[in-house]
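Residue strings, one per chain:
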2 protein chains.
Amino acid sequence: MTKKIDPWGKADIRDYGAIMKDFGIEPFSSVLKHTPKPMMQMKRGIIFGHREFGRILDARKKRKPFVMMTGLMPSGKFHIGHAMLAREMIYFQEIGAELYVCVADIEAFNVRRKSLQELRKIAIDEYLLNYIALGMKPGKVNFYFQSNHQTAYYRLLQMLPQRVTFAEMKAIYGDITPGKIISVITQAADILHPQLPENGGPKPVVVPVGIDQDPHMRLTRDLAARFQREFRFIPPSSTYHEFMKGLKGGKMSSSDPLSYIAMSDDSKTVRTKIMKYAFSGGGNSIKEHRKHGGDTKVDVAFSMLKFLFEEDDRKLKKIKDDYESGKMLTGELKEYTVEKVNSFLSAHQKRMDKAKSQVDKFLK
Amino acid sequence: MTKKIDPWGKADIRDYGAIMKDFGIEPFSSVLKHTPKPMMQMKRGIIFGHREFGRILDARKKRKPFVMMTGLMPSGKFHIGHAMLAREMIYFQEIGAELYVCVADIEAFNVRRKSLQELRKIAIDEYLLNYIALGMKPGKVNFYFQSNHQTAYYRLLQMLPQRVTFAEMKAIYGDITPGKIISVITQAADILHPQLPENGGPKPVVVPVGIDQDPHMRLTRDLAARFQREFRFIPPSSTYHEFMKGLKGGKMSSSDPLSYIAMSDDSKTVRTKIMKYAFSGGGNSIKEHRKHGGDTKVDVAFSMLKFLFEEDDRKLKKIKDDYESGKMLTGELKEYTVEKVNSFLSAHQKRMDKAKSQVDKFLK
């Protein structure tokens, strides 16, 4: 029986190794040493897998154009989970990629029942402003809206479904509806359209995704091959990142403010969220903790440091050792994390104010 | 079991009465007396059915805006079958409708393997020029390409499939593929988008179709109801016409030049096609014909006169009587038809030359 990943599902994926093997995703470690100035998330295995990332490295080496493509669903507050992906986008911009950032406003419209105007405002005030504050530069950035983009993109959107069958879609996605089909095809058009003649023709494109989005990559790569004659599409590459855990240990969810730290949270809120809600891997008592140590694998404060807030590998290593040995207490780890997060957010929030004046450079 | 009509099928539909009853199509005769300056095709029952045509009559009476919406698939030569539909479009323009004419170039691209540029050229040089020569006036005409239209249209295209299920699509169409879904949804967007706020909001729209296209009308009317909250769509109206028979008695087909008379055929070609190929309802010998008469129901020359070329009802009646009684011979009927067609085409071809200078007024 074919294994399936449901990109619309809520299920936690735990056995990454098995999925990588089943679907042919390579470990990122295989390309790490060729990757220029690798992100700390790459070195730490948070970005753990890829498909044909070599195409990107190759293009960069030969000074040929390449693209980083991603999408955002405008929904509520921009939080630290979004920030990690934004960092990856900015990393690719720094190593020379042109960026395509798709605002999935049509999808959001269908799901969230907000007007396109409201969704546009969220996309700009929350997402774009935070990207800029995190370091995104204007220039080679196409920040576009699904509801308002170039004709060639819509044309592609109408062509793609002609060369895929239900049987294939069911093999990839399991159950499917007309709404899901248009959503999936729209995403394929998003990923492929940077390679249209109107956008400069075939070139390597990398899409950073969570593994739950891999079905879209497989379908899109298949479709790329089926439009060889017309467009000479290069099958898109992808990187795979782990998700930052929610504060309480489950999923980080836009609809539950106590599951995340927003980039706009003030220092007091951050302190409360981490001290009171962040799931701890520490012992049940100080005595027990001192004896057995804490579990960094499930500790949310530790994971926040690892994913985003402690850039110093040696410091992180020391915290890990101290916490696991019981030398560092949960309260101390959390206190350290609160300080790191608040210092990061305080500087970020200042940059947010400055970012406003730059917005127009990103919108055509 | 639900009866189905396959709009992609080649099947001849014979029992119009049963289908009208099954699917709730009203006879056109029920609105004929309220219809202003009815076309001869309406009076002769060639346009035989409708759905909610009253909305159109009402809008016209109250001097409110209404729309005639139709599509064309750019493929080869413009022939007398196309001319009949063009006449209906022009009729609606004359009684006050704004026209929306969709060039289905994306669909044609997917089916015919011609470039969008070639298809655009066919749409303009064959279709638009003939429309103008047949009497279409610039002004309230939106002659647009599926591949190159307004954003609001593409936005609608992405929203519609969110509110329809596979079960419903299967109930209407039987077997369906991703390609058919996008094609069907595109047609629904074509029919509904004249009512978007960007195009002036809700208003009655009439779509002249063959009965094989009725499934699209049913789906679109259902979808209209499901977007009440957002757009207050009025369910589109439709008229139903019989198809002109092909010369040899079967279907008129763009891919078989001996099945039609092209608007660009010269008089010699017309003579050969009618004399040599047009299926005759006459007797097997003159003797037999004189005795039993001819069958106007299957005679292609007679049907050409009835559908398009003999506008005088009394003359048509006399020909029918004379042919059925055996007084008029097949050769005489064909000769009369050749004259009528050639006189029509000769004037038309002169108008075609003049039409060229008008094309720009129809393209924005």
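Rules used throughout
Residues numbered from 1 in each chain as written. Chains lettered and ligands numbered in written order. Predicted model: local features only at pLDDT ≥ 70, side-chain atom pairs only at ≥ 80, totals over all residues. Heavy atoms only, no water. Helix = DSSP H or I, 4+ residues; strand = E, 2+ residues; numbered from the N terminus. Rg over C-alpha atoms; globule rule 2.2 N^0.38 Å. Buried < 20%, exposed > 50% of the residue type's maximum accessible area, 1.4 Å probe, protein only. Areas by Shrake-Rupley, 256 points an atom, 1.4 Å probe, with all protein chains shown as cover. Contact = heavy atoms within 4.5 Å. Least-squares fit on C-alpha atoms with pLDDT ≥ 70 in both. Pairing = 2+ DSSP bridges. Axes fitted to C-alpha atoms, helices over the stretch in contact; angles between N-to-C directions. Buried area = accessible area lost by both parts, 1.4 Å probe. Salt bridge = Lys/Arg side-chain N within 4 Å of Asp/Glu carboxyl O. Polar contact = N/O pair within 3.5 Å; in protein donor to acceptor, adjacent residues only side chain to side chain. Nonpolar A, V, L, I, M, F, W, Y, C, P; charged D, E, K, R; others polar. Parallel < 35°, antiparallel > 145°, perpendicular 65-115°, else oblique. Left-handed = near helix turned anticlockwise from the far one by under 90°. Phe/Tyr/Trp six-rings, centres within 6.5 Å; stacked < 30°, edge-to-face > 60°. Domains from an automatic or database assignment. Right-handed = clockwise from strand over helix to strand, strands pointing away.

### Quick look at the overall build of chain A
Here is step 1 of the chain: Helix and strand content of chain A: 18 helices and seven strands.
Here is step 2 of the chain: In terms of overall dimensions, chain A is globule-like: its C-alpha atoms have a radius of gyration of 21 Å, near the 21 Å expected for 364 residues.
Here is step 3 of the chain: Each principal axis of the C-alpha distribution contributes one length, and for chain A these read about 70 × 50 × 45 Å.
Here is step 4 of the chain: When burial is assessed residue by residue, chain A has 56% of its 364 residues classed as buried.
Here is step 5 of the chain: With the model as given, the accessible surface of chain A reaches about 16200 Å², and the carbon-plus-sulfur share is 52%.

### Comments concerning the environment of Ala-59 of chain B
Residues and elements named next belong to chain B.
Here is step 1 of the chain: The residue Ala-59 is located in helix α4 (residues 54-61) in this model.
Here is step 2 of the chain: Placed 170 residues apart in sequence, Ala-59 and Arg-229 show a C-alpha to C-alpha distance of 22 Å.
Here is step 3 of the chain: The residues contacting Ala-59, other than those within four sequence positions of it, are Lys-64, Pro-65, Phe-66 and Pro-204.

### Regarding the relation of the copies chain B and chain A
Here is step 1 of the chain: Least-squares fitting of chain B to chain A yields an RMSD of 0.0 Å, with the transformation described by 0.0 Å of translation along the axis and a rotation of 180°. In symmetry terms, the pair is related by a two-fold rotation axis. In terms of C-alpha distance to the rotation axis, chain B has Tyr-154 of chain B as its closest residue, with the C-alpha 3.4 Å off the axis.
Here is step 2 of the chain: Interface overlap between copies: 100% of the residues of chain B at the interface are likewise at the interface in chain A, consistent with a symmetric, same-surface contact.

### Overview of the sheet that holds strand β1 (residues 26-27) of chain A
All names here are of chain A.
Here is step 1 of the chain: Read from one edge to the other, the open sheet built from seven strands follows the order β1-β2-β7-β6-β3-β4-β5, with strand pairing classed as mixed. At either end of the open sheet lies a strand with only one pairing partner, and these are β1 and β5 (141-145).
Here is step 2 of the chain: Along the sheet, helix α11 (residues 214-226) makes contact with β2 (47-51), β6 (205-210) and β7 (237-241), crossing β7 at roughly 175°.

### A look at the interface of chain B and chain A
Here is step 1 of the chain: Chain B puts 30 residues into the contact, and the matching count from chain A is 30 residues.
Here is step 2 of the chain: Carbon and sulfur atoms make up 64% of the surface buried where chain B meets chain A, a total of about 3000 Å² over both sides.
Here is step 3 of the chain: Ranking the residues of chain B by area buried against chain A places Gln-158, Phe-166 and Pro-178 of chain B at the top, with a combined share of 23%.
Here is step 4 of the chain: For the pair chain B and chain A, the interface holds zero salt bridges.
Here is step 5 of the chain: At the junction of chain B with chain A, the criterion picks out eight residue pairs in polar contact (both at pLDDT 80 or more).
Here is step 6 of the chain: Within the residue set of the side of chain B that touches chain A, elements represented by two or more residues are α6 (105-112), α8 (151-159), α9 (166-173), α10 (178-192) and α12 (228-231) of chain B.
Here is step 7 of the chain: The greatest single-element share of the side of chain B that touches chain A, amounting to six residues, is contributed by α8 of chain B.
Here is step 8 of the chain: Residue composition of the side of chain B that touches chain A, by class: 14 nonpolar, 11 polar and five charged.

### As for the packing of helix α7 (residues 116-134) of chain B against helix α17 (residues 330-355) of chain B
All names here are of chain B.
Here is step 1 of the chain: Closest axis-to-axis distance for the α7/α17 pair is 8 Å, and the angle between their directions is 110°. In terms of their interaxial angle, α7 and α17 are classed as roughly perpendicular. Counting all contacts with α7, which are made through Asp-125, Leu-129, Asn-130, Ile-132, Ala-133 and Leu-134, the residues of α17 involved are Phe-344, His-348, Arg-351, Met-352 and Ala-355.

### A closer look at the sheet that holds strand β4 (residues 98-103) of chain B
All names here are of chain B.
Here is step 1 of the chain: In spatial order, the strands read β1-β2-β7-β6-β3-β4-β5; together these seven strands make up an open sheet with mixed pairing. Taken across any chain shown, the strands that pair with only one partner, and hence form the sheet edges, are β1 (26-27) and β5 (141-145).
Here is step 2 of the chain: As judged from the two bridges shared by strand β3 (residues 67-72) and strand β6 (residues 205-210), these two strands associate in the parallel manner. In the sheet register, Val-67 faces β6, and the bridge partner there is Val-205.
Here is step 3 of the chain: Set on the sheet, helix α5 (residues 80-94) makes contact with β2 (47-51), β3, β4, β5, β6 and β7 (237-241); between it and β7 the angle comes to about 145°.
Here is step 4 of the chain: Packing against the sheet, helix α11 (residues 214-226) makes contact with β2, β6 and β7, and its axis sits at approximately 175° to β7.

### Focus: the packing of helix α10 (residues 178-192) of chain A against α11 of chain A
Residue and element names in this part refer to chain A.
Here is step 1 of the chain: In the contact formed by α10 and α11, the axes pass within 9 Å of each other and the chain directions differ by 65°. As for how α10 packs across α11, the hand of that crossing is right-handed. Across the interface between the two elements, Val-184, Ile-185, Gln-187, Ala-188, Ile-191 and Leu-192 from α10 touch His-216, Met-217, Leu-219, Thr-220, Leu-223 and Ala-224 from α11.
Here is step 2 of the chain: Across the contact of α10 with α11, the residue classes break down as nine nonpolar, three polar and no charged.

### Structural notes on the packing of aromatic side chains
For any pair of aromatic rings, the description consists of the separation of the ring centres together with the inter-plane angle of the planes.
Residues and elements named next belong to chain A.
Here is step 1 of the chain: The final tally for this structure, using the stated rule, is 24 aromatic pairs over all chains.
Here is step 2 of the chain: Both rings, one in Phe-78 and one in Tyr-131, keep their centres 5.8 Å apart while their planes meet at 80°; by these two values the pair is edge-to-face. Of this pair, Phe-78 sits in the loop between β3 (67-72) and α5 (80-94) while Tyr-131 sits in helix α7 (residues 116-134), placing them 53 residues apart in sequence.
Here is step 3 of the chain: Owing to a relative accessible area of 1%, Phe-78 belongs among the buried residues under this scheme.
Here is step 4 of the chain: On the accessibility criterion, Tyr-131 (4% relative accessible area) is buried.
Here is step 5 of the chain: Relative to Tyr-154, the ring of Tyr-153 lies with its centre 5.1 Å away and its plane at 65°, an arrangement referred to as edge-to-face.

### Things to note about the domain arrangement of chain A
Residues and elements named next belong to chain A.
Here is step 1 of the chain: Under the domain assignment used here, chain A contains domain 1 (16-243) and domain 2 (257-355).
Here is step 2 of the chain: Using C-alpha coordinates to define each centre, domain 1 is positioned 30 Å away from domain 2.
Here is step 3 of the chain: The partner domain 2 presents 21 residues to the 20 residues of domain 1 that form the contact.
Here is step 4 of the chain: Counting the surface lost from both domain 1 and domain 2, the interface buries some 1900 Å², and carbon and sulfur atoms represent 65% of this.
Here is step 5 of the chain: Broken down residue by residue, the surface that domain 1 buries against domain 2 is led by Arg-44, Ile-80 and Ala-133, which jointly contribute 34%.
Here is step 6 of the chain: Summed over the shared surface of domain 1 and domain 2, the number is two salt bridges.

### Observations concerning the pairing of β3 of chain A
All names here are of chain A.
Here is step 1 of the chain: With five of six residues buried, β3 lies mostly within the body of the structure.
Here is step 2 of the chain: Bridging between β3 and strand β4 (residues 98-103) involves six bridges; their strand directions are parallel. Bridge pairing in β4 places Val-67 opposite Glu-98.
Here is step 3 of the chain: As a crossover connection, the stretch from β3 through α5 into β4 is right-handed.

### With respect to unusual backbone geometry
Residues and elements named next belong to chain B.
Here is step 1 of the chain: For Lys-37, which is not a glycine, the phi torsion comes out positive at approximately 35°.
Here is step 2 of the chain: Secondary-structure assignment places Lys-37 in the loop between α2 (29-32) and α3 (40-43).
Here is step 3 of the chain: We note that Arg-232 has phi near 50°; this positive angle belongs to a residue other than glycine.
Here is step 4 of the chain: Mapped onto the secondary structure, Arg-232 falls in the loop between α12 and β7.
Here is step 5 of the chain: When its relative accessible area of 57% is taken as the criterion, Arg-232 is described as exposed.

### Some details on the pairing of β5 of chain A
Working note: regular strand, side chains alternate between the two faces of the sheet.
Residues and elements named next belong to chain A.
Here is step 1 of the chain: Buried residues dominate β5, accounting for five of its five residues.
Here is step 2 of the chain: Neither face of β5 is open: one carries Val-141, Phe-143 and Phe-145, the other Asn-142 and Tyr-144, and all of them are buried.
Here is step 3 of the chain: Two elements, β4 and β5, share five bridges in a ladder whose sense is parallel. Within β5, the position partnered with Tyr-100 by the bridge is Asn-142.

### As for the pattern of salt bridges
Here is step 1 of the chain: Summed over the entire model, instances satisfying the criterion amount to 40 salt bridges over all chains.
Here is step 2 of the chain: A salt bridge links Arg-271 of chain A to Glu-339 of chain A, with the shortest nitrogen-to-oxygen separation between them at 3.5 Å. Of the two residues, Arg-271 of chain A is situated in helix α13 (residues 267-277) and Glu-339 of chain A in helix α17 (residues 330-355); the sequence distance between them amounts to 68 residues.
Here is step 3 of the chain: Exposure remark for Arg-271 of chain A: the relative accessible area of 32% places this residue in the partly exposed category.
Here is step 4 of the chain: Its relative accessible area of 47% is what places Glu-339 of chain A among the partly exposed residues.
Here is step 5 of the chain: Salt-bridge contacts for Glu-52 of chain B lead to Arg-221 of chain B; the nearest nitrogen and oxygen are separated by 3.0 Å. Taken together, the residues Glu-52 of chain B in the loop between β2 and α4 and Arg-221 of chain B in helix α11 connect sequence positions 169 residues apart.
Here is step 6 of the chain: What emerges from the salt-bridge pattern is a single network uniting Arg-51, Asp-214 and Arg-218 of chain A.

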